[in-house]
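# Summary of the model geometry
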Amino acid sequence: MLDELLHRVSNHTPRDLETDRRFPEAAVLVPITRSGEPELVLTLRASGLSTHGGEVAFPGGRRDPEDPDLIFTALREAEEEIGLPPGLVEVIGPLSPLISLHGIKVTPYVGVIPDYVEYQANDAEIAAVFSVPLEFFRKDPREHTHRIDYQGRSWYVPSYRFGEYKIWGLTAIMIVELVNLLYDADIDLHTPPKSFINT
């Protein structure tokens, strides 16, 4: 089952990001556990951080000048933030890059990891490491919808609630692309859902 899903990711052509200027680059790892019921591994960023403090995110960060490529960046950051050894990650392929609110071009890379990893959160950056079954997102159980006007289009971005965690913003956009790709979920980010009330 998982291998069939991952085959879809490896054959996926990410959406190109049309931009007329260069942005600083970052990469995140989208870790999926190799298990009967695959889960996404996410982090809660420490509240004191200057950017995205207290928000849910995939492990990742800015590309260092000495990083040979963005995959290396994603793996290096995942090791620094949650203690995930790069050798345990089978990188499958990229999802579409996005520009963050802080003007950084973020490229997500889907990777498969064992389901028995003992994470070591870097307390300076990460408040918690947690996982969510992929199936949870499949039916788009959004709690709210945020409208974001970006690149001349309106995006209707879901905000999910899983236990004590709120999953929204760029992380939610990445998850929607992944779930659409894996499950043909057909979650449309450019059409307001029926539940969306324009306030």
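Each remark here, short or long, concerns the structure printed above.
One structure accompanies this document, and this report is about it. Quick caveat: nothing in here was measured; it's all calculated off a predicted structure.

Conventions and cut-offs
Residues numbered from 1 in each chain as written. Predicted model: local features only at pLDDT ≥ 70, side-chain atom pairs only at ≥ 80, totals over all residues. Heavy atoms only, no water. Helix = DSSP H or I, 4+ residues; strand = E, 2+ residues; numbered from the N terminus. Expected span 1.5 Å × (residues − 1). Buried < 20%, exposed > 50% of the residue type's maximum accessible area, 1.4 Å probe, protein only. Contact = heavy atoms within 4.5 Å. Polar contact = N/O pair within 3.5 Å; in protein donor to acceptor, adjacent residues only side chain to side chain. Salt bridge = Lys/Arg side-chain N within 4 Å of Asp/Glu carboxyl O.

With that settled, consider helix 2 (residues 70-82). The terminal C-alpha atoms of helix 2, which comprises 13 residues, lie 18 Å apart, in line with the 18 Å expected from a rise of 1.5 Å per residue. Within the sequence span of helix 2, burial applies to Leu70, Thr73, Ala74, Leu75, Arg76, Glu77, Ala78, Glu81 and Ile82. At its buried positions, helix 2 is contacted by strand 1 (25-34), strand 2 (39-45), strand 4 (60-62), strand 5 (90-94), strand 7 (105-114) and strand 8 (126-133). Two to three positions downstream of the cap, the backbone nitrogen of Ile71 sits 3.3 Å from a side-chain oxygen, assigning the N-cap of helix 2 to Asp69. Count one or two residues on from helix 2 and you reach Gly83, which has phi positive near 70°.

Mapped onto the secondary structure, Thr43 falls in strand 2. Each residue touching Thr43, except ones within four places of it in the same chain, is listed here: Glu55, Val56, Ala57, Phe58, Pro59, Ile82, Ile126, Ala128 and Phe130.

Right, let's talk about the pattern of salt bridges for a bit. According to the stated counting rule, one finds 12 salt bridges in the structure shown. Where Arg147 meets Asp149, a salt bridge forms, and the shortest distance between an N and an O atom there is 3.2 Å.

Compared with the 21 Å implied by 1.5 Å per residue over 15 residues, the 21 Å span of helix 4 (residues 169-183) between its first and last C-alpha is a close match. Extensive coverage of helix 4 is indicated by the burial of 13 of its 15 residues. Asp184 sits one or two positions beyond helix 4 and adopts a positive phi of about 50°.

So, to be careful, I would describe these as geometric facts and stop short of saying anything about function.
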